[in-house]
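Listed below, chain by chain, are the residues.
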Amino acid sequence: MEKKLKQCLGVDVSKSNLSICLGVLNSNLEKEFIGHSDISNDLRGFKIMVSWIKKVVVKNVEFIVLMEATGVYHQAVCHYLYSQGYKVSVMQSGRVKRYAQSLDQRSKTDALDSRMLSMLGLERSLRSWTPPSKELQELKALSRERSSLLKDKNAEINRQGAIESSCYSSSKASKRHLARLGLINAQIKAIEEEMEALVSRTRTLKNRIGYLESIPGISFISAATVIGETLGFESISSAKQLTSFAGYDVILRESGNFKGKTRISKKGNSHIRAVLHMPSMTCVRCNPTLKQFYRRLKPQKAKPIVALVAVQRKLLILMYTLWKNEAYYDAEYENKKQQEPQALAAQDSIMI
């Protein structure tokens, strides 16, 4: 019997069902797969899955559960498996999609996707998932609710403008629209107050968001939204991964004589990109570091918005750096960094 080196349970998540497949890597580097019928995405299905895992998984051999991030539908099963003591990994959909495209697999079903996930888990070194704090989850929910209300507010403003410009405008209709707009504004204000109260209750969270607010141009709402959407950068391990998560990763298409346009992918968290738009416009006026960066980049781009998007990307990385290092913004950091080699060179010349 071949020795087992690693075991991975691939879980393909949908709103109602879970498709699961166990992959086993043997000492001869061959893979075996054990499938199971679909189970419900609820507590009853979770218990069936754990019972099956205990029967088929070999003890004292590395075992991990891998699934793809699917909005909110994967959260319940993640928390349940973690509470049962299993090692869980949640991978971003973009990385899973690129791996699936590399396989010689033309069909797509839930069963095949779960098998593909188990294969991915056997071949790659995966980062373990840990549940985010209750405060961060609540902060994310509040920021999402606020984002939804802002879209409703813009829609109501557009409708109000259309009513007032119409030849058959009605004062009663205009009054109803204004009432709805007033209600939306009141709810947005209430949510922002809840976000501030939530952060104030947690000293650590308040202090770390304070590091982000020290950046000229970043407000509390902007900082809190970014932290809520990334859950405190919990699953982010590098600046490159963060830019991909937010959809700021650059796509370049060139082949032979063909020169395509360079653009960002936008295949990431749109809430982060939306909340950084206005701060970036403020930063290019009042932030000494980003103002210089924008002025240097703007003449090289066909449209000013391209340079502004580059500022947003740099701003996001700066927020990530300050959060990880637990440090306040230093406007002279770039100058100090440039002066270090000069000081070392001068020191060496004196010693010689």
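Residues numbered from 1 in each chain as written. Predicted model: local features only at pLDDT ≥ 70, side-chain atom pairs only at ≥ 80, totals over all residues. Heavy atoms only, no water.

Participant: I tried to follow the overall build of the protein chain on my own but got confused; where do I start?
Facilitator: When helices and strands are counted, the protein chain shows 14 helices and ten strands. Residue burial in the protein chain is summarised as follows: out of 352 residues, 39% are buried. Relative to all contacts within the protein chain whose residues are 6 or more apart in sequence, the contacts with residues 24 or more apart total 63%. Charge separation in the protein chain, taken as the distance between the mean sites of 55 positive and 33 negative side-chain charges, equals 4 Å. (Helix = DSSP H or I, 4+ residues; strand = E, 2+ residues; numbered from the N terminus. Buried < 20%, exposed > 50% of the residue type's maximum accessible area, 1.4 Å probe, protein only. Contact = heavy atoms within 4.5 Å. Lys, Arg positive; Asp, Glu negative; His and termini not counted. Charge placed at Lys NZ, Arg CZ, Asp CG, Glu CD.)

Participant: Sorry if this is basic, but what is going on with the pairing of strand β6 (residues 88-91) here?
Facilitator: Strand residues, when the strand is regular, have side chains that alternate between the two faces of the sheet. With four bridges connecting them, strand β5 (residues 63-68) and β6 associate as parallel partners. Bridge pairing in β6 links Val65 to Val88. At this point the chain moves from β5, through helix α2 (residues 75-83), to the parallel β6, and the crossover so formed is right-handed. (Pairing = 2+ DSSP bridges. Right-handed = clockwise from strand over helix to strand, strands pointing away.)

Participant: Mind showing me how you'd approach a negative patch on the surface here?
Facilitator: A cluster of acidic side chains, namely Glu138, Glu145, Glu193, Glu194, Glu196 and Glu213, defines a negative patch on the protein surface. Of all elements in the fold, only α5 (134-165) and α6 (171-201) reach the threshold of two or more residues within the negative patch. In terms of residue count, α6 provides more of the negative patch than any other element does, three residues in total. Here Glu213 shows up in helix α7 (residues 203-213). Since its relative accessible area comes to 34%, Glu213 is described here as partly exposed. (Patch = residues over 30% accessible without salt bridge, like charges linked within 9 Å, V, L, I, M, F, W, Y side chains within 5 Å. Areas by Shrake-Rupley, 256 points an atom, 1.4 Å probe, with all protein chains shown as cover. Salt bridge = Lys/Arg side-chain N within 4 Å of Asp/Glu carboxyl O.)

Participant: Can you help me understand a positive patch on the surface in this one?
Facilitator: Side chains of Arg95, Lys97, Arg98, Arg124, Arg253, Arg263, Lys266 and Lys267 sit close together on the surface and give a patch of like positive charge. Locating Arg124 in the fold gives a position in the loop between α4 (110-123) and α5.

Participant: I keep staring at α4 and nothing clicks. Help me out?
Facilitator: For the α-helix, the turn length of 3.6 residues means that residues three or four positions removed from each other point alike. With 14 residues, α4 should reach 20 Å at 1.5 Å per residue; the first-to-last C-alpha distance of 20 Å fits that figure. Among the residues of α4, those classed as buried are Asp113, Ser114, Met116, Leu117, Ser118, Met119, Leu120, Gly121 and Leu122. In this structure, the buried residues of α4 make contact with β1 (4-13), β2 (17-26), β3 (31-35), β5, β6 and α3 (93-101). (Expected span 1.5 Å × (residues − 1).)

Participant: Looking at this structure, how should I read helix α1 (residues 43-56)?
Facilitator: The terminal C-alpha atoms of α1 lie 20 Å apart, and with 14 residues this matches the ideal 20 Å at 1.5 Å per residue to within 8%. The complete set of buried residues in α1 reads Gly45, Phe46, Met49, Val50, Trp52 and Ile53. For α1, the arc enclosing every buried residue in end-on projection is 165 degrees, short of the 170-degree limit, so these residues lie on one face. Residues of α1 that are exposed and point more than 90 degrees away from the buried face comprise Arg44, Lys54 and Lys55. (Arc of directions from axis to C-beta.)

Participant: Any chance you could explain the packing of aromatic side chains here in plain terms?
Facilitator: Both the distance between ring centres and the angle between the ring planes are used here to describe each pair of aromatic rings. As enumerated under the stated definition, the model contains six aromatic pairs in all. Between Phe46 and Tyr80, the ring centres sit 5.6 Å apart and the planes meet at 35 degrees, which makes this aromatic pair tilted. Of this pair, Phe46 sits in helix α1 while Tyr80 is found in helix α2, placing the two residues 34 residues apart along the sequence. Ring pairing ties together the aromatic residues Phe233, Tyr320 and Trp323, which thus form one cluster. Its end group placed over the ring of Trp323, Arg208 keeps NZ or CZ at 4.4 Å from the ring centre. Lys314 extends its terminal NZ or CZ atom over the ring of Phe293, reaching a point 5.0 Å from the ring centre. (Phe/Tyr/Trp six-rings, centres within 6.5 Å; stacked < 30°, edge-to-face > 60°. Lys NZ or Arg CZ within 6 Å of the ring centre and 35° of its normal.)

Participant: Looking at this structure, I do not really get the packing of helix α8 (residues 220-230) against helix α13 (residues 304-325). What am I missing?
Facilitator: Two packed helices can be described by the angle between their axes and the distance between those axes. As a packed pair, α8 and α13 sit with axes 12 Å apart at the nearest point and diverge in direction by 75 degrees. For the element pair α8 / α13, the angle class is roughly perpendicular. Judged by residue contacts, Ser222, Ala223, Val226 and Ile227 of α8 engage Leu316, Met319 and Trp323 from α13. Of the residues that constitute the contact of α8 with α13, the class distribution is six nonpolar, one polar and no charged. (Axes fitted to C-alpha atoms, helices over the stretch in contact; angles between N-to-C directions. Parallel < 35°, antiparallel > 145°, perpendicular 65-115°, else oblique. Nonpolar A, V, L, I, M, F, W, Y, C, P; charged D, E, K, R; others polar.)

Participant: Looking at this model, I keep getting lost on the state of the cysteines. Mind explaining?
Facilitator: Two cysteines whose sulfur atoms are joined by a covalent bond form what is called a disulfide. The tally for this structure, following the rule as stated, stands at zero disulfides. Looking at Cys286, it has no disulfide partner, and the nearest cysteine sulfur is the one in Cys283, 5.8 Å off. (Disulfide = S-S within 2.5 Å.)

Participant: Explain the environment of Trp129 to me, please; I cannot follow it from the model alone.
Facilitator: Looking at where Trp129 falls in the secondary structure, it is placed in the loop between α4 and α5. Overall, the relative accessible area of 13% leaves Trp129 in the buried class. Here the alpha-carbon distance between Trp129 and Val88, two residues 41 residues apart in the chain, equals 5.5 Å. Beyond its immediate chain neighbours, meaning those up to four positions away, Trp129 contacts Cys78, His79, Tyr82, Val88, Ser89 and Val90.

Any functional reading would require information that these geometric values do not contain.
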